[in-house]
Amino acid sequence: MRQRLSSEPDRYRGRRRVPTPPRSRYAAVVTTAFVGAGIVALGANALPDAKSVSPSVLDELKQASITSQDAAARADAADAVTRDSRTDSKADAEQDAWTLPLHGYDFKSSYGMRWGKLHTGIDLVVPEGTPYVAIHGGTVTKAGWFGGYGYAVIVQHPDGSEAIYGHSSAVSVKEGQQVKAGDQLGLVGNTGHSYGSHLHLEIHVNGKPLDPLPWLEEREVDIQLGVDTYFSEVGAS
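What counts as what
Residues numbered from 1 in each chain as written. Predicted model: local features only at pLDDT ≥ 70, side-chain atom pairs only at ≥ 80, totals over all residues. Heavy atoms only, no water. Helix = DSSP H or I, 4+ residues; strand = E, 2+ residues; numbered from the N terminus. Buried < 20%, exposed > 50% of the residue type's maximum accessible area, 1.4 Å probe, protein only. Areas by Shrake-Rupley, 256 points an atom, 1.4 Å probe, with all protein chains shown as cover. 1 Å grid on protein atoms, 1.4 Å probe; cavity = no way out; pocket = protein on both sides within 12 Å on 5 of 7 lines; lining within 4 Å. Points joined across faces, edges and corners; volume = space filled by probe spheres on them. Core = buried A, V, L, I, M, F, W, Y, C linked by side-chain atoms within 4.5 Å. Salt bridge = Lys/Arg side-chain N within 4 Å of Asp/Glu carboxyl O. Contact = heavy atoms within 4.5 Å. Pairing = 2+ DSSP bridges.

Looking at an unreviewed UniProt entry, one finds the protein chain named M23ase beta-sheet core domain-containing protein, with Micromonospora coerulea as its source organism.

Below you can see the structure in the form of structure tokens.
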């Protein structure tokens, strides 16, 4: 092949390239095109009389066409399996996710002694009616009035831990319902033993309350900074 001189005009500049078929289907596409071209050529030049064509040649061409179609079908099936696998992986990631219960809050009160009593959770102040969500997936074991917590939602997580969301103005789920991280549970309120509109969040492990801050930090949810790694990465992707 003669090498093009740099002074010669490029005849191919500005022309659009034809997209290459996906690798999994490339062989099937090429085979189908080859078989089709062979049949057209036979029909135009070598088949003035169908009786003059060997039946074995026609059988081979038909079999090649069937084989190429089977290859394309297998490629489609493989693509479908890949898509299903990606969907399952995403579902697993969502099931393992931990997130903030809401955004734009004022971190008002931490876990510890307050007014001579143990404050067993944290208080996140936002306007009444602000939606709050599940910090992790699990089963709703309580959705309704719960004594001093007012209207509350309790979600039991797969690891046995529980999250209590208290002082709601309304709840959005039912007992026995399955939820995942980020699902709305209710609206922030001022019900029960509450000093103002806020979300009271508690974490219980083995039936006992513990400080939610370090426990959630281990799960990459920082209440004080207002960030959660999983949903921040999803939003950026």
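1. Overview of the overall build of the protein chain
Within the protein chain, the secondary structure is distributed over four helices and 14 strands. Across the 237 residues in the protein chain, those meeting the buried criterion constitute 30%. For the protein chain, the exposed surface amounts to about 15,100 Å²; the carbon and sulfur share of it is 54%.

2. A look at the layout of surface pockets
Empty space among the atoms becomes apparent when a probe as large as a water molecule is rolled across them. Roughly 410 Å³ of internal volume is contained in the largest pocket. Elements represented by at least two residues in the lining of the largest pocket include exactly strand 3 (117-119) and strand 11 (199-205).

3. A few points about the nonpolar core
By size, the foremost hydrophobic cluster in this structure holds 28 residues, and its most contacted members are L102, Y132, V153, Y165, L185, L216 and I223. Where this core is concerned, the elements lending two or more residues are strand 4 (122-125), strand 6 (138-145), strand 7 (151-156), strand 8 (162-171), strand 10 (184-188), strand 11 and helix 3 (212-217).

4. Here's the deal with the pattern of salt bridges
On inspection of all chains with the given rule, the structure shows three salt bridges. Measuring nitrogen to oxygen at the nearest pair gives 3.4 Å for the salt bridge that ties R114 to D123. Put simply, R219 and E218 hold a salt bridge, and the shortest N to O gap is 3.5 Å. The class of E218 is exposed, set by a relative accessible area of 63%.

5. Description of the side chain of H198
With respect to the helices and strands, H198 occurs in the loop between strand 10 and strand 11. A residue is classified by how much of its surface remains accessible, and H198, at 2% relative accessible area, is buried. Setting aside chain neighbours within four positions, we find H198 in contact with D123, L124, V125, V126, G166, H167, V188 and G189.

6. Overview of the pairing of strand 7
One ladder, built from six bridges, connects strand 6 with strand 7; its direction is antiparallel. Bridge pairing in strand 7 places A143 opposite V153. Taken together, strand 6 and the strand that follows it, strand 7, pair antiparallel across an intervening segment of five residues, in which G147 is found at a positive phi of about 60°. With five bridges connecting them, strand 7 and strand 8 associate as antiparallel partners. Its bridge partner lying in strand 8, I154 is registered against I164. The turn linking strand 7 back onto strand 8 is made up of five residues, and G160 within it adopts a positive phi angle of 95°.

7. A closer look at unusual backbone geometry
A positive phi is found at H167, a non-glycine position, where the angle reads about 70°. With respect to the secondary-structure elements, H167 resides in strand 8. We note that E220 has phi near 65°; this positive angle belongs to a residue other than glycine. Here E220 shows up in the loop between helix 3 and strand 13 (221-222).

8. Considering the pairing of strand 10
The pairing of strand 5 (residues 131-133) with strand 10 spans three bridges and is classified as antiparallel. Paired with P131 across the strands is L187, a residue of strand 10. Relative to strand 10, strand 8 runs antiparallel, the two being bridged by three bridges. Across the sheet, V171 pairs through a bridge with G186, a residue of strand 10.

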